[in-house]
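One letter stands for each residue in the lines below.
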Amino acid sequence: MQGTKIVAPNIWGWIVDIKRNRLGMIRLAAFISLFSFTLILSQNNFYYFVAIIFIFGFFWNAMLPQVEALTFSLMGVETGI
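Everything numeric here is computed off the predicted structure, so don't read it as measured data.

What counts and what doesn't
Residues numbered from 1 in each chain as written. Predicted model: local features only at pLDDT ≥ 70, side-chain atom pairs only at ≥ 80, totals over all residues. Heavy atoms only, no water. Helix = DSSP H or I, 4+ residues; strand = E, 2+ residues; numbered from the N terminus. Expected span 1.5 Å × (residues − 1). Buried < 20%, exposed > 50% of the residue type's maximum accessible area, 1.4 Å probe, protein only. Arc of directions from axis to C-beta. Contact = heavy atoms within 4.5 Å. Axes fitted to C-alpha atoms, helices over the stretch in contact; angles between N-to-C directions. Parallel < 35°, antiparallel > 145°, perpendicular 65-115°, else oblique. Left-handed = near helix turned anticlockwise from the far one by under 90°. Nonpolar A, V, L, I, M, F, W, Y, C, P; charged D, E, K, R; others polar. Polar contact = N/O pair within 3.5 Å; in protein donor to acceptor, adjacent residues only side chain to side chain.

### Things to note about helix α1 (residues 4-19)
Move 1: Helix length check: α1, at 16 residues, gives a terminal C-alpha distance of 21 Å against a target of 22 Å (1.5 Å per residue), a fit within 8%.
Move 2: Among the residues of α1, those classed as buried are T4, A8, W12, G13 and V16. Down the axis of α1, the smallest arc covering the buried residues is 135°, so these residues share one side. Exposed and facing more than 90 degrees away from the buried side of α1 are I6, N10, W14 and I18.
Move 3: The inward-facing, buried residues of α1 contact α2 (22-39) and α3 (46-75).

### Comments concerning unusual backbone geometry
Move 1: Non-glycine residue R20 carries a positive phi angle of around 60°.
Move 2: Along the polypeptide, R20 turns up in the loop between α1 and α2.

### Examining α2
Residues lying three or four places apart along an α-helix face the same way, a consequence of the helix completing one turn every 3.6 residues.
Move 1: An ideal rise of 1.5 Å per residue puts 26 Å on 18 residues; α2 measures up with 26 Å between its terminal C-alpha atoms.
Move 2: Regarding α2, the residues found buried are M25, I26, A29, S33 and S36. Down the axis of α2, the smallest arc covering the buried residues is 105°, so these residues share one side. Exposed and oriented more than 90 degrees from the buried face of α2 are R27, F31 and L34.
Move 3: In this structure, the buried residues of α2 make contact with α1 and α3.

### Looking at the packing of α1 against α3
Move 1: At a closest axis distance of 8 Å, the pairing of α1 and α3 adopts a crossing angle of 60°. The angle between α1 and α3 places the two elements in the oblique class. As for the relative orientation of α1 and α3, their crossing is right-handed in sense. Residues T4, K5, A8, P9, I11, W12, G13 and V16 of α1 touch α3, and the partners they reach there are F54, G57, F58, F59, N61, A62, P65 and Q66.
Move 2: Looking at the contact of α1 with α3, its residues break down into 10 nonpolar, five polar and one charged.

### Details of the side chain of N61
Move 1: Relative to the helices and strands, N61 is located in helix α3.
Move 2: The class of N61 is buried, set by a relative accessible area of 9%.
Move 3: In terms of polar contacts, N61 uses its side chain to reach the side chain of T4, at 2.9 Å.

Structural data, given as structure tokens:
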């Protein structure tokens, strides 16, 4: 899970730059994160669990910087400071 914090934002940021649809990609990553997290409850195999945690961590850690970037772009110069 910690490795996805390094790799996922870079890969997902590159994909978002190509697609030019930040909000849609955030929604996709949120859906995949939610769906993969619910799969944890359905199995008790260790390797299955590790794969699901990797998928969840990848999309969750990829989504968070995009949410921050979208928030700052929508705020513009109104930072509240």
